Amino acid sequence: MVRAKISRLSDSEPGERFRIAKLDINDDIMKRRLLDLGFVPGCEVAVLQKSPLGDPTAYRVCNTTIALRKEESDHIYGERIYDGNK
């Protein structure tokens, strides 16, 4: 069995899909906010687009588009999902 490489959500590029493994955040308020928005372990996230200056980035999670700053998405870890067409 091949284990997927764990990376930060902020390292993903537009067009990629990502499955959340964990949120590594010490700030309880920020962690609760991200969980409430749908960034929960096991959830699939689609990277939609980065702003012209690179921050924030738009993500599709739970059929909602959410923009996160890099400092927030740096704390979300998981694996890229490959569909075999790339």
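Up top is the structure these notes are about.
All figures in this text were calculated on a predicted structure; none of them were measured in a lab. (Residues numbered from 1 in each chain as written. Predicted model: local features only at pLDDT ≥ 70, side-chain atom pairs only at ≥ 80, totals over all residues. Heavy atoms only, no water.)

Q: Mind laying out the overall build of the protein, listing which residues take part and the relevant values?
A: Of the regular secondary structure elements, the protein holds 2 helices and 6 strands. Counting from the amino terminus, the protein carries its helices and strands in the arrangement β-β-α-β-β-β-α-β. A globule of 86 residues ought to have a C-alpha radius of gyration of about 12 Å, and the protein, at 12 Å, matches this closely. Dimensions along the principal axes, computed over C-alpha positions, put the protein at roughly 35 × 35 × 20 Å. By residue count, 33% of the 86 residues in the protein fall in the buried class. For the protein, the share of sequence-separated contacts (at least 6 apart) that also reach a separation of at least 24 residues comes to 59%. With the model as given, the accessible surface of the protein reaches about 5700 Å², and the carbon-plus-sulfur share is 49%. One finds the centroid of the 15 positive side-chain charges in the protein at a distance of 3 Å from the centroid of its 14 negative side-chain charges. (Helix = DSSP H or I, 4+ residues; strand = E, 2+ residues; numbered from the N terminus. Rg over C-alpha atoms; globule rule 2.2 N^0.38 Å. Buried < 20%, exposed > 50% of the residue type's maximum accessible area, 1.4 Å probe, protein only. Contact = heavy atoms within 4.5 Å. Areas by Shrake-Rupley, 256 points an atom, 1.4 Å probe, with all protein chains shown as cover. Lys, Arg positive; Asp, Glu negative; His and termini not counted. Charge placed at Lys NZ, Arg CZ, Asp CG, Glu CD.)

Q: Before we move on, can you summarise helix α1 (residues 28-37) with the specific residues and values?
A: Sitting at the amino-terminal end of α1 is D27, which places a side-chain oxygen 3.1 Å from the backbone nitrogen of I29. Downstream of α1 by a residue or two, G38 has a phi angle that is positive, lying close to 110°. (Polar contact = N/O pair within 3.5 Å; in protein donor to acceptor, adjacent residues only side chain to side chain.)

Q: Break down unusual backbone geometry for me, citing the residues and quoting the values.
A: For residues other than glycine, phi is negative in most cases, and the peptide bonds are mostly trans. The backbone phi angle of C62 is positive, close to 50°, even though this residue is not glycine. Tracing the backbone through its elements, the reader meets C62 in the loop between β4 (57-61) and β5 (64-68).

Q: Give a description of the nonpolar core that names residues and reports values.
A: Counting 15 residues, the largest nonpolar core has L9, I20, F39, V45 and I76 as the members making the most contacts within it. Going through the elements one at a time, β2 (17-23), β3 (44-50), β4 and β5 are the ones with two or more residues in this core. Looking at this core, the element that brings in the most residues is β2, giving 3 residues. When near neighbours in sequence (up to four residues on either side) are disregarded, V45 contacts L9, E16, R17, F18, I20, F39, Y59, R60 and V61. (Core = buried A, V, L, I, M, F, W, Y, C linked by side-chain atoms within 4.5 Å.)

Q: Got a sec to walk through the environment of T57? Specific residues and values, please.
A: Position of T57 among the secondary structure elements: in strand β4. C-alpha of T57 to C-alpha of K70: the two residues are 13 residues apart in sequence and 7.5 Å apart in space. In contact with T57, other than residues within four places in its own chain, are V47, Q49, K50, I66, A67 and L68.

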